[in-house]
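# Geometric and topological summary
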Amino acid sequence: MSNPTFYKSRSLRGSFRIGMLKNWWVGFAIASMSVMFGGIASTMLIHNGLPEAVGLTYGGLFGGLCFLGSALGAIVLPSLFEGLRAVRAGVITTAALSFVSVAFLAYYLVFVPSIIVLALSYFLWILW
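The text that follows walks through the structure, step by step, so that each part is easy to find. The model shown is predicted, which means the values in this text are computed figures rather than measured ones. (Residues numbered from 1 in each chain as written. Predicted model: local features only at pLDDT ≥ 70, side-chain atom pairs only at ≥ 80, totals over all residues. Heavy atoms only, no water.)

In this section: unusual backbone geometry. Despite not being glycine, arginine 85 has its phi angle at roughly 55 degrees, a positive value. As for its position among the elements, arginine 85 is in the loop between α2 (52-83) and α3 (87-110). (Helix = DSSP H or I, 4+ residues; strand = E, 2+ residues; numbered from the N terminus.)

This is how it looks when you write it as structure tokens:
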């Protein structure tokens, strides 16, 4: 079967922009971090006295919350800060809030294993 002559070949020139690279990189980073920190959470919860099955279950839950938070953050925050015409302030704010969320994660994983606070920290850490 031959190609019909009325089909035109389409050039992809100009359809790729260098800014598109950060999209896959961010997705890769979020996926790897959520798996990594879910594993760390499981290990620390088991170390702090939770039964192994419960610690692994919560680690999986925290990994899922990372994905959910990253999806909501990617949808909501850029349009919010662009609408407010405060992109630079948005980047600084999200970086600061990410640091605070990671500090909560570290404290509550090591010293006080509170499942509710950990779940919220995992969700908000990636959301920012």
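There's plenty left to go through after this.
Within an α-helix, residues lying three or four positions from one another point in the same direction, as the helix has 3.6 residues per turn. Counted at 1.5 Å a residue, the expected span for α3 with its 24 residues is 34 Å, and the 34 Å between its end C-alpha atoms agrees. Burial in α3 covers these residues: Gly90, Thr94, Ser98, Ser101, Leu105, Tyr108 and Leu109. (Expected span 1.5 Å × (residues − 1). Buried < 20%, exposed > 50% of the residue type's maximum accessible area, 1.4 Å probe, protein only.)

With 32 residues, α2 should cover 46 Å at 1.5 Å per step; its first-to-last C-alpha distance of 46 Å lies within 8% of that length. By the largest-angle criterion, glycine 73 marks the main kink of α2, which is about 30 degrees. Arginine 85, located one to two residues past α2, shows a positive phi value of around 55 degrees. (Bend = angle between axes of the 7 residues up to and from the residue.)

Moving on, we come to the environment of isoleucine 115. Examined against the element boundaries, isoleucine 115 turns out to sit in helix α4 (residues 115-127). The sequence separation of isoleucine 115 and leucine 45 amounts to 70 residues, and the corresponding C-alpha distance is 9.1 Å. Ignoring anything within four residues of it in the chain, the contact list for isoleucine 115 reads Leu45, Leu50, Tyr58 and Phe62. (Contact = heavy atoms within 4.5 Å.)

Between two packed helices, the angle of one axis relative to the other and the distance separating the axes together describe the packing. Contact pair α2 / α3: the axes reach a minimum separation of 8 Å and the direction vectors enclose 140 degrees. Here α3 runs oblique to α2, going by the angle between their axes. The crossing of α2 and α3 is right-handed. The segment α2 lies against α3, with Leu77, Phe81 and Glu82 engaging Val87, Gly90 and Thr94. The class makeup of the residues in the contact of α2 with α3 is three nonpolar, two polar and one charged. (Axes fitted to C-alpha atoms, helices over the stretch in contact; angles between N-to-C directions. Parallel < 35°, antiparallel > 145°, perpendicular 65-115°, else oblique. Left-handed = near helix turned anticlockwise from the far one by under 90°. Nonpolar A, V, L, I, M, F, W, Y, C, P; charged D, E, K, R; others polar.)

The next thing to look at is the side chain of serine 42. As for its placement among the helices and strands, serine 42 is situated in helix α1 (residues 21-47). Relative accessible area serves as the criterion here: at 7%, serine 42 is assigned to the buried category. Leave out the neighbours within four places in its chain, and serine 42 touches Gly55, Leu56 and Gly59.

Ala41, Leu45, Phe62, Leu65, Leu109, Leu118 and Tyr122 are the most contacted members of the largest nonpolar core, which has 13 residues in total. For this core, the elements supplying multiple residues, two or more each, are α1, α2, α3 and α4. If you tally residues by element for this core, the top one is α4, at five residues. Excluding anything up to four places from it in sequence, tyrosine 122 contacts Phe37, Gly38, Ala41, Phe62, Leu65, Cys66, Leu105 and Leu109. (Core = buried A, V, L, I, M, F, W, Y, C linked by side-chain atoms within 4.5 Å.)

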